[in-house]
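Working through the structure, step by step
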Amino acid sequence: MKIIAALLMMGATAPVLALDFTVPEKLYLGGSYSTQDYAGELKGRKLQALGLTVGYQLNDYFALESRFNRGVSGYASFYDLPGSSIGDYREQLGWQSLLAVKASYPVISNLSVYGLLGYSNSDLKVDLLSASTDSQSGQKIQTPARLNFTENGVAYGLGFKLQTGKQMDIYLDYQQLPDFKPMNSVASSWKVVTLGANYYF
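Residues numbered from 1 in each chain as written. Predicted model: local features only at pLDDT ≥ 70, side-chain atom pairs only at ≥ 80, totals over all residues. Heavy atoms only, no water.

Observations concerning the overall build of the protein
Selection rule: Numbering of helices and strands runs from the N terminus, with a helix taken as a DSSP run of H or I at least four residues long and a strand as a DSSP run of E at least two residues long. Pairs of residues are marked as contacts when any of their non-hydrogen atoms sit within 4.5 Å. With residues, only the protein chains shown are counted as cover, and all accessible areas are computed by Shrake-Rupley using a 1.4 Å probe.
Secondary structure assignment for the protein yields one helix and nine strands. Order of helices (α) and strands (β) in the protein, N terminus to C terminus: α-β-β-β-β-β-β-β-β-β. The long-range fraction of contacts in the protein, counting pairs at least 24 apart against all pairs at least 6 apart in sequence, stands at 58%. Carbon and sulfur atoms make up 64% of the accessible area of the protein, which totals about 12,800 Å².

As structure tokens, then:
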């Protein structure tokens, strides 16, 4: 009987407990799609990523914003390796993050321009698969390998956002991330174009 009474009391207080939790009014969440160019003059080597945005509006002009991206498509090709047949080459964006200060200024009533300045981290994975034939047995031998590159540092960007409702906006921005440097003698700029939407609580 005591157990039943305790369960009834918990059920009666559950709605009250649920109402006690409120999302901070200045918090906003969003989603995004980005296309990224990191290979300079090498055409066709672009990455696509889906992302999650978490931000906190400090006032009418400034916000703190975090973006978390995950690669959804990469670059694939073939290469010739001395002493072996054609090899398989793939590049894929892993996790990518950005923590930035966002400064906005209204152009007209529902359109604003903004700038981003912060710190970013990007992980790029390269998978290699070479195939060769043993000269004695004639057996085909496959040799896999994986290289991981991490680029981090200062990032900045510029964009526009359109207020589509009291609690919604859509945005388009351009970001310049730290250069991609797979080797000391090789470097190319990492450029990102992002389209997204945010919901403000």
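Topic: the layout of surface pockets
Empty space left among the atoms is revealed by rolling a probe the size of a water molecule over them. What counts here: Using only the protein atoms, space was sampled on a 1 Å grid; points where a 1.4 Å probe fits but cannot get out form cavities, open sets with protein on both sides within 12 Å along at least five of seven lines form pockets, and lining residues are those with an atom within 4 Å of a point. Grid points are joined across faces, edges and corners, and a volume is the space filled by probe spheres set on the points.
For the largest pocket, the calculated volume is near 370 Å³. For the largest pocket, the lining is made up of 19 residues, of which Gln57, Asp60, Lys161, Gln163 and Tyr200 are closest to its centre. Every element with two or more residues in the lining of the largest pocket is listed here: strand S5 (86–108), strand S6 (111–133) and strand S7 (140–163). Of the residues forming the lining of the largest pocket, the biggest block, three residues, is contributed by S7.

Here's the deal with the nonpolar core
Heads up, the condition is: The term nonpolar core refers to a set of buried residues drawn from Ala, Val, Leu, Ile, Met, Phe, Trp, Tyr and Cys, joined through side-chain atoms within 4.5 Å. Only protein chains enter the accessibility calculation, which uses a 1.4 Å probe. A residue is then buried if its area is under 20% of the maximum for its type, exposed if over 50%, and partly exposed in between.
Of all hydrophobic cores here, the largest spans 18 residues; its most connected members are Tyr38, Leu47, Leu124, Phe180 and Trp190. Elements that contribute at least two residues to this core include exactly strand S2 (46–57), S5, S6, S7, strand S8 (168–183) and strand S9 (186–200).

Details of the packing of aromatic side chains
Selection criterion: A pair of aromatic rings is counted whenever rings of Phe, Tyr or Trp (Trp by its six-membered ring) have centres within 6.5 Å, and the orientation is called stacked for planes under 30 degrees apart, edge-to-face for over 60 and tilted otherwise.
Considering all chains together, one arrives at seven aromatic pairs under this definition. An angle of 85 degrees between the planes, with centres 5.9 Å apart, marks the rings of Phe180 and Trp190 as edge-to-face. Placement of the pair is Phe180 in strand S8 and Trp190 in strand S9, with a sequence separation of ten residues. A residue is classified by how much of its surface remains accessible, and Phe180, at 8% relative accessible area, is buried. Ring geometry for Tyr199 and Phe201: centres 5.1 Å apart, planes at 80 degrees, overall edge-to-face.

Topic: a nonpolar patch on the surface
Here is the rule we go by: For patch building, the residue pool is restricted to those with more than 30% relative accessible area and no salt bridge; the joining distance is 9 Å between like charges and 5 Å between nonpolar side chains (Val, Leu, Ile, Met, Phe, Trp, Tyr). When a carboxyl oxygen of Asp or Glu is within 4 Å of a side-chain nitrogen of Lys or Arg, the pair counts as a salt bridge.
Together, Leu29, Leu52, Val54, Phe68, Met168, Tyr199 and Phe201 give the surface a local cluster of nonpolar side chains, amounting to about 550 Å² of exposed area. When you line up the elements, Met168 lands in strand S8.

Remarks on the environment of Val193
Along the chain, Val193 falls in strand S9. In sequence terms Val193 and Gln48 are 145 residues apart; their C-alpha atoms lie 9.8 Å from each other. Sequence-distant contacts of Val193, that is, excluding residues within four places in its chain, are made with Tyr33, Ser34, Thr35, Leu172, Asp173 and Tyr174.

As for the pairing of strand S1 (residues 27–37)
Counted only if it meets this: When DSSP locates at least two bridges between a pair of strands, those strands are taken to pair.
With burial as the criterion, only one face of S1 is covered, namely that bearing Tyr28, Gly30, Ser32, Ser34 and Gln36; the residues Leu27, Leu29, Gly31, Tyr33, Thr35 and Asp37 on the opposite face remain uncovered. Summarising the sheet, S1 and S2 pair through eleven bridges and their orientation is antiparallel. Paired with Tyr33 across the strands is Leu50, a residue of S2.

Description of the environment of Leu111
By the element assignment, Leu111 lies in strand S6. On the accessibility criterion, Leu111 (26% relative accessible area) is partly exposed. C-alpha separation for the pair Leu111 and Asp169, spaced 58 residues apart in sequence, amounts to 9.4 Å. Once you skip the residues sitting within four places of it in the chain, Leu111 turns out to touch Pro106, Phe160, Lys161 and Leu162.

Here's the deal with the environment of Val192
Inspection of the secondary structure puts Val192 in strand S9. On a C-alpha basis, the gap between Val192 and Gly157 in space is 8.9 Å, while along the polypeptide they are 35 residues apart. Setting aside chain neighbours within four positions, we find Val192 in contact with Ser34, Thr35, Gln36, Asp173, Tyr174, Gln175 and Leu177.

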